[in-house]
Amino acid sequence: RFVSSPERAGSNRQAAAKIVSHAPNERRALETAVRGDARLAVGTDAGTTLNPHGWGMQEQALHLAGAGMAAASVLRALTVGGAHALGIRSGALAPGMPADLLCLGADPLADLRALDRVDAVMLAGSWVR
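The text that follows walks through the structure, step by step, so that each part is easy to find.

1. Some thoughts on the sheet that holds strand E2 (residues 118-123)
Hydrogen bonds between backbone atoms are what pair the strands of a sheet, whose relative direction is either parallel or antiparallel. Taken in spatial order, the three strands of this open sheet run E1-E2-E3, and their pairing is antiparallel. Single-partner strands in this sheet number two, and they are strand E1 (101-104) and strand E3 (126-127).

Put into structure tokens, the structure is as follows:
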């Protein structure tokens, strides 16, 4: 978000230049990880300069797809990849498993932008949205 923000011009000039110049390296590293079929967990650094909380995971999904990752693999990285990295049992709707659900108005396998249209969320078996 920092790299693409028009507001970055008001940031520390040296820090902004460093971040912007490093961005292509990050993109290449992501493409290498995707091509190498690396197991990925996705997160954001929301709360940093020009990087507010909210909708960062949807943006990450598009970055992963842009790096060549298939939609199904993107969804796994956004969900069970992160859970497994944290040691959380996840990835199935079954007795004894946490019931965390994201309900969307469209199929994210057909278009990852469906992640922008959240209808409801269930966390640990309780509806939160």
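There is more to say, and it comes next.
2. A short note on the side chain of Gln58
In this structure, Gln58 sits in helix H2 (residues 56-66). Looking at Gln58, its side chain comes within polar contact range of the main-chain oxygen of Leu115, at 3.1 Å. For Gln58, the residues in contact, after removing those within four places along its chain, are Leu115 and Asp116.

3. Digging into the pairing of E2
Of the strand pairs in this sheet, E1 and E2 are connected by four bridges, and their pairing is antiparallel. Note that in E2 the partner of Leu102 across the bridge is Val121. Of the pairings in the sheet, the one linking E2 to E3 comprises two bridges and is antiparallel in character. Across the sheet, Met122 pairs through a bridge with Trp127, a residue of E3. Counted between consecutive antiparallel strands, the loop separating E2 from E3 contains two residues, among which Ala124 sits at a positive phi close to 55°.

4. What about helix H1 (residues 13-35)?
Between its terminal C-alpha atoms H1 stretches 34 Å, which fits the 33 Å expected from 23 residues at 1.5 Å a residue. Along H1, the helix axis deviates most sharply at Ala23, where the bend reaches about 35°; the proline Pro24 sits within four residues downstream. Turning to H1, its buried residues number three or more, namely Ala16, Ala23, Ala33 and Val34. Next to the buried residues of H1 lie H2. Put simply, Asn12 is the residue that caps the front of H1, since its side-chain oxygen is 3.0 Å from the backbone nitrogen of Gln14. Phi turns positive one or two residues past the end of H1, at Asp37, with a value near 55°.

5. Considerations on the environment of Val80
Tracing the sequence through the fold places Val80 in helix H3 (residues 71-85). For the pair Val80 and Ser90, spaced ten residues apart in sequence, the C-alpha separation works out to 5.7 Å. When residues no more than four places from it in sequence are discounted, the contact partners of Val80 are Ser90 and Gly91.

6. Quick word on the packing of H2 against H3
For any two helices packed against each other, the geometry comes down to the angle between their axes and how far apart the axes lie. Relative orientation of the contacting elements H2 and H3 amounts to 140°, with a least axis distance of 9 Å. With respect to each other, H2 and H3 are oriented oblique. Crossing angle aside, the handedness with which H2 passes H3 is right-handed. Here Met57, Ala61, Leu64 and Ala65 of H2 lie close against H3, whose contacting residues are Val74, Ala77 and Leu78.

What counts and how
- Residues numbered from 1 in each chain as written.
- Predicted model: local features only at pLDDT ≥ 70, side-chain atom pairs only at ≥ 80, totals over all residues.
- Heavy atoms only, no water.
- Pairing = 2+ DSSP bridges.
- Helix = DSSP H or I, 4+ residues; strand = E, 2+ residues; numbered from the N terminus.
- Polar contact = N/O pair within 3.5 Å; in protein donor to acceptor, adjacent residues only side chain to side chain.
- Contact = heavy atoms within 4.5 Å.
- Expected span 1.5 Å × (residues − 1).
- Bend = angle between axes of the 7 residues up to and from the residue.
- Buried < 20%, exposed > 50% of the residue type's maximum accessible area, 1.4 Å probe, protein only.
- Axes fitted to C-alpha atoms, helices over the stretch in contact; angles between N-to-C directions.
- Parallel < 35°, antiparallel > 145°, perpendicular 65-115°, else oblique.
- Left-handed = near helix turned anticlockwise from the far one by under 90°.

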